[in-house]
Amino acid sequence: MKYFLTNIIFLISLALISQTNISGIVLEQSSADSEIVLPGANVYWMNTTEGVITNLDGEFTISNSGNYTNLIISYVGFKSDTINIENQNFIKHYLKPESTLDAVNIKAISKTSSVSYLTSQNIINVSSEELLKAACCNLSESFETNPSIDVNFTDAITGVKQIQMLGLTSPYILITTENIPTIRGASQTYGLSFIPGTWVESLQITKGAGSVVNGYESISGQINAELQKPNSDLPLFFNTYLNTMGKLELNTHFNTKISNKLSTGLYFHFNNNDESHDTNQDGFLDLPLSKQINFLNRWQYTNLEKGLVGFFNLRYLEDEKQSGEVDFDPELHRLTTNYWGSEVSTERFDTSIKFAYVNPDITYQTVGFQLAYSDHSQNSYFGLNQYDISHQSIFSNIIYNSILGDTRHKIKTGINFNSDRYKENVVNSFYTAIISPNDYATEFINNDRSENSIGVIFEYNFDNLNNLNLTAGIRADEHNKMGTFITPRFHLRYTPVEKSVIRLSFGRGKRMANIFAENQNLFATTREIILPTDDLKYEDAWNYGVSFLQKFNLFNSKAELVFDYYYTNFMNQVVVDWENPFEISFYNLEGKSYASSFQSQFNYYISENIDLKLAYKLYDVKTDYNSGSLRKPMTPKERVFFNFSVNSNVNENKSQWKFDTTFNWIGEQRYSNRIPENTTSIIPVYQAPTPDFTTVNAQLTRVFSEKFEFYIGAENLTNTKQKNPIFMSEDPFIQGFDTTFVYGPIFGSMYYAGLRFKIY
Amino acid sequence: MIKYILISVLISLSPIDQNSNAKANFRVDGVCGMCKERIENSTIKLKGVKFSKWNNSTNKISLIYNEKKIKLNDIHKFIAELGHDTEKVIATDKAYNSLDPCCKYRDPNVVKNHQ
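Computed from a prediction, not measured in an experiment: that's the story for all the values here. (Residues numbered from 1 in each chain as written. Chains lettered and ligands numbered in written order. Predicted model: local features only at pLDDT ≥ 70, side-chain atom pairs only at ≥ 80, totals over all residues.)

## What to know about the overall build of chain B
Then, number 1: Along the backbone of chain B there are five helices and three strands.
Then, number 2: Beginning at the N terminus, the succession of helices and strands in chain B can be written as α-β-α-β-β-α-α-α.
Then, number 3: Taken over 115 residues, chain B has a buried fraction of 25%.
Then, number 4: Within chain B, contacts between residues at least 6 apart in sequence are counted, and of these 52% link residues at least 24 apart. (Helix = DSSP H or I, 4+ residues; strand = E, 2+ residues; numbered from the N terminus. Buried ≥ 20, exposed ≤ 12 C-beta atoms within 10 Å, placed from the backbone. Contact = placed C-beta atoms within 7 Å.)

## Describing the overall build of chain A
Then, number 1: Within chain A, the regular secondary structure consists of six helices and 45 strands.
Then, number 2: For 760 residues, the compact-globule estimate of 2.2 N^0.38 gives 27 Å, and the C-alpha radius of gyration of chain A, at 29 Å, lies within 12% of that figure.
Then, number 3: Once the C-alpha set of chain A is aligned to its principal axes, its extents read approximately 105 × 55 × 55 Å.
Then, number 4: Within chain A, the fraction of its 760 residues that count as buried is 40%. (Rg over C-alpha atoms; globule rule 2.2 N^0.38 Å.)

## Observations regarding the interface of chain B and chain A
Then, number 1: Of the residues lining the interface, 16 residues belong to chain B; the matching set on chain A comes to 18 residues.
Then, number 2: Mapped onto the side of chain B that touches chain A, the elements with two or more residues apiece are helix H1 (2-12) and strand S2 (49-55) of chain B.
Then, number 3: Top element by residues in the side of chain B that touches chain A is H1 of chain B. It accounts for five residues.
Then, number 4: Across the side of chain B that touches chain A, the residue classes break down as nine nonpolar, five polar and two charged. (Nonpolar A, V, L, I, M, F, W, Y, C, P; charged D, E, K, R; others polar.)

## Digging into the confidence of the model for chain A
Residues and elements named next belong to chain A.
Then, number 1: Looking at chain A as a whole, the pLDDT averages 86, with 91% of positions reaching at least 70.
Then, number 2: Mean pLDDT in chain A bottoms out at strand S1 (residues 10-11), which sits at 30, and peaks at strand S25 (residues 366-382), which reaches 95.
Then, number 3: Across residues 1-19 the pLDDT falls below 50, and counting only partners more than four positions away or on other chains, this stretch makes 23 contacts in the model.
Then, number 4: Throughout residues 99-110 the model reports pLDDT below 50, and contacts reaching past four residues in sequence, or to other chains, amount to three contacts. (pLDDT = per-residue confidence, 0-100.)

## What about the sheet that holds strand S3 (residues 60-65) of chain B?
Residue and element names in this part refer to chain B.
Then, number 1: Read across the sheet, three strands follow the order S1-S3-S2 without closing on themselves; strand pairing throughout is antiparallel. Every other strand in the sheet has two partners, leaving strand S1 (22-27) and S2 as the edge strands with one partner each. When the angles between neighbouring strand axes are averaged without regard to direction, this sheet yields 15°.
Then, number 2: When S2 meets S3, the two strands line up antiparallel, connected through six bridges. By the bridge assignment for S3, Ser52 is matched with Leu63. (Pairing = 2+ DSSP bridges. Axes fitted to C-alpha atoms, helices over the stretch in contact; angles between N-to-C directions.)

## Comments concerning the pairing of strand S4 (residues 42-45) of chain A
Residue and element names in this part refer to chain A.
Then, number 1: Every second residue of S4 is oriented toward a common face, the buried set being Val43 and Trp45 and the non-buried set Asn42 and Tyr44.
Then, number 2: As paired strands, S4 and strand S5 (residues 51-53) are joined by three bridges and run antiparallel to one another. Bridging across to S5, Asn42 finds its partner in Ile53.

## Some thoughts on the sheet that holds strand S13 (residues 161-165) of chain A
Residues and elements named next belong to chain A.
Then, number 1: An order of S12-S13-S14 is seen for the three strands of this open sheet, with the pairing classed as antiparallel. Taken across any chain shown, the strands that pair with only one partner, and hence form the sheet edges, are strand S12 (149-153) and strand S14 (168-169).
Then, number 2: With two bridges connecting them, S13 and S14 associate as antiparallel partners. If you follow Met165 over to S14, its bridge partner there is Leu168.

## A closer look at the domain arrangement of chain A
Often the size quoted for an interface is simply the accessible area lost on bringing the parts together.
Then, number 1: Along its sequence, chain A is organised into domain 1 (2-105) and domain 2 (113-759).
Then, number 2: Once you take the C-alpha centre of each, domain 1 of chain A and domain 2 of chain A turn out to be 49 Å apart. (Domains from an automatic or database assignment.)

## A short note on the environment of Tyr241 of chain A
All names here are of chain A.
Then, number 1: Within the fold, Tyr241 resides in strand S19 (residues 236-243).
Then, number 2: With 171 residues separating them in the primary sequence, Tyr241 and Lys412 have C-alpha atoms 43 Å apart.
Then, number 3: In this view, Tyr241 contacts Ala135, Cys136, Cys137, Glu249, Tyr752 and Gly754; residues no more than four positions away in its chain are not counted.

## Some words on the environment of Leu589 of chain A
Residues and elements named next belong to chain A.
Then, number 1: Relative to the assigned elements, Leu589 resides in the loop between strand S37 (583-588) and strand S38 (593-605).
Then, number 2: Look at Leu589 and you get partly exposed, because 18 C-beta atoms sit within 10 Å.
Then, number 3: Separated by 429 residues in the primary sequence, Leu589 and Val160 have C-alpha atoms spaced 27 Å apart.

## Description of unusual backbone geometry
Residue and element names in this part refer to chain A.
Then, number 1: Phi at Leu465 takes a positive value of approximately 65°, unusual for a residue other than glycine.
Then, number 2: Following the sequence through the fold, Leu465 ends up in the loop between strand S29 (449-463) and strand S30 (468-479).
Then, number 3: Phi angles above zero are rare outside glycine, and Asn719 is one such case at about 55°.
Then, number 4: Note on placement: Asn719 falls in the loop between strand S44 (708-715) and strand S45 (750-759).

## Section: helix H2 (residues 33-43) of chain B
Residue and element names in this part refer to chain B.
Then, number 1: Along H2, the positions that sit buried rather than exposed are Cys35, Arg38, Ile39 and Thr43. Each buried residue of H2 lies within a common arc of 100° when the element is viewed along its axis, so the set occupies one face.
Then, number 2: Check the buried side of H2 and you find it contacts S2, S3 and helix H3 (72-82). (Arc of directions from axis to C-beta.)

## Remarks on the confidence of the model for chain B
All names here are of chain B.
Then, number 1: Per-residue pLDDT for chain B averages 82, and the proportion of residues at 70 or more is 83%.
Then, number 2: Averaged pLDDT values over the elements of chain B bottom out at 58 in H1 and peak at 91 in H3.
Then, number 3: As a predicted assembly, this complex carries a pTM of 0.80 together with an ipTM value of 0.75.

## Concerning the packing of H2 of chain B against H3 of chain B
Residue and element names in this part refer to chain B.
Then, number 1: Remark: H2 packs on H3, axes separated minimally by 11 Å, with the N-to-C direction vectors making an angle of 140°. If you check the angle between H2 and H3, you find them oblique. Every pair of crossing elements has a handedness; the one defined by H2 and H3 is right-handed. Along the contact surface, H2 presents Arg38, Ile39, Ser42 and Thr43, while H3 presents Ile75, Ile79 and Leu82.
Then, number 2: Across the contact of H2 with H3, the residue classes tally to four nonpolar, two polar and one charged. (Parallel < 35°, antiparallel > 145°, perpendicular 65-115°, else oblique. Left-handed = near helix turned anticlockwise from the far one by under 90°.)

## As for H3 of chain B
All names here are of chain B.
Then, number 1: Those residues of H3 not exposed but buried are Ile75, Ile79, Ala80 and Leu82. All buried residues of H3 lie within an arc of 155° about the axis, which places them on one face of the element. Of the exposed residues in H3, the ones pointing more than 90 degrees away from its buried face are Asn73 and Asp74.
Then, number 2: Those residues of H3 that are buried are in contact with H2, S2, S3 and helix H4 (93-97).

## Some points on the environment of Phe757 of chain A
Then, number 1: Mapped onto the fold, Phe757 of chain A is located in strand S45.
Then, number 2: Apart from the residues within four sequence positions on either side, Phe757 of chain A is in contact with Phe238, Lys707 and Phe708 of chain A.

Okay, structure coming up:
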């Protein structure tokens, strides 16, 4: 009905104006009942230069000097309309937003997760619809239905899930929220669990080197999370979630328009788990007791008339985790050998401001500016080990977009500034045979440091508008620890025949390793930390990739085949060596280290409501350790992924059923060496690889109406469990105690239910 | 070295001569996505044309071009040579006939089919 109203002119009253003047008001046609005026809209006579702009109340008066009959009303972001003027009546005209129209058109063909067809980079878009398929709980679970990212546990204590891409762990992935690097430094290990799932609007996953614009740190890929925006998110959203492990989650969003140009949103997240579970009866909690309060306030400013868009964000977070032996009481047993226990408490504050200016006359000229500050502090202990870190970080960039000659040649150029200040204190209590296997020694490590860098960015994009698109980027940075260096990156997309896409990419990445922050699972052991006598160098790697995508029709439905191969070659790496079961060593790579990853995927969109994804992955990740060239421990060699989702048709009252299920088969993994050095009798069990295993997740959602939906789901339906995830759990204060040999789920099946309530 | 790059970036940000960013907006007849592709992809390749977008529903083309390198009349002529009538220049029958069947905007039936 609204659609038909678009071009109807309401003739309301005869205005008391001179005979040659026409007056009117221009309004936005919105779904709400309220009327929004459009200040700054262009109103002009067709084929003339005579025109006016509407005032702050959306009103205009235009004189008719000739006998013009066609009046054009236009506004950036809206469909232009031509009105036939026959008399001097007051005009009330509604403009229809262009985006509304596009959204309707795209919806029929959009997939919840799709490999982009047109960009030169290999980007996978994950929409909010796809994110709902794994309803729990934060960003680390958002990847469960995506085969390009692997989710693993790091240890049997903290319940932390770590993501991997192309066989490399998350430190080698640049993770940004709205293009500001967020999960890095101190937040590397737990950061994914600090972004609640409902806050995420969509995800963009780039495989391979990626763009130079967001930094030099990405090596295996980039993940960007777009958060909910006050302007487009619902006025009120409420979600609650409860699972059989006793975890409760609450999410609320409030969004309001303060004026035409300014909107604000308050987003609140709370989760709590205070039930103890020890299903494998090793005396240790299967999952930590935890509590998180997370609060975000966003301000969005949109001035289309001047081409300005801005955001201001404030975020505060508090997170507490307690784990270890079931009988551990932090008040009584903290840092004693009565019971083994651990507490991790984190406090984080983030603020950022960003502005984009689009030249309203020349829309291909834009300037973007971002400034972000974060303050992260973590205090923790694991048994007798203690780890405290505080990290203040500033990130800023200014990027200018324009063209060279014409819009087939686009350029981006800008400046990027980064500053990190770390205060890090480690108390390493390790058991050593030199004293006695039952007695420990203590070492204090202080690792305070500052890192600063400034760089210039240049990126060129060429699109021949037919079958070739390439992006070549380069940045030069000056870093107080890494010196001056150049980061080149190149991406190319070529379509030899219709529906086929070939992509090539190569690029370099460099980063400073944060050895403790990235490997916090080492503290939940009794290993001795061995640091090299010389300094640890920066990490430096090249990534090369090739991918092929073929679209075709199979039994009259759309299907896609995707093959990709990526190879990451480390020029230098900070090697994390777990091969001595009583030690963990960090040293500079001598020799070779590489990760090769092959993925084949079949996507089949059987109908509008049914689709399936099937993927097979093969990894070869090897590093030259001091003890020889070995496969990276706890990294599966093979993985099979299958996802099937089916929705019922949407009824008139908007009710619908949605179902989806994910099957994963994880191949065998290599344990790091568990044989004590002086053991003469070789125990075969120590040398065997991990068994392969299967997990199945499923979720059913009932949408009752636009406003209310309910979901139930199950994780790990096959009840797969690793029997003894904690090595020497019977005596945690002895040489050899280790919680890092985790290859699979620690707890069995878990069921959950939740609801979403929305007000439009 | 970084300083020099910074300076050159700042210079490239400085304002651009008005003449070289002339704007034009006029009617070009056409009906479908194929027309859009032809109109946009051909005009952007003209020397001096920097930006070209044709709106399917309003039949209007938006151009940004360098007046020193190309005259607006020549752009009109060029589009007519492709087979599309513009506000100022009508395409010859020969040019019009060379269009794909789905682009025959003078045929009311074709126009109707696209609505």
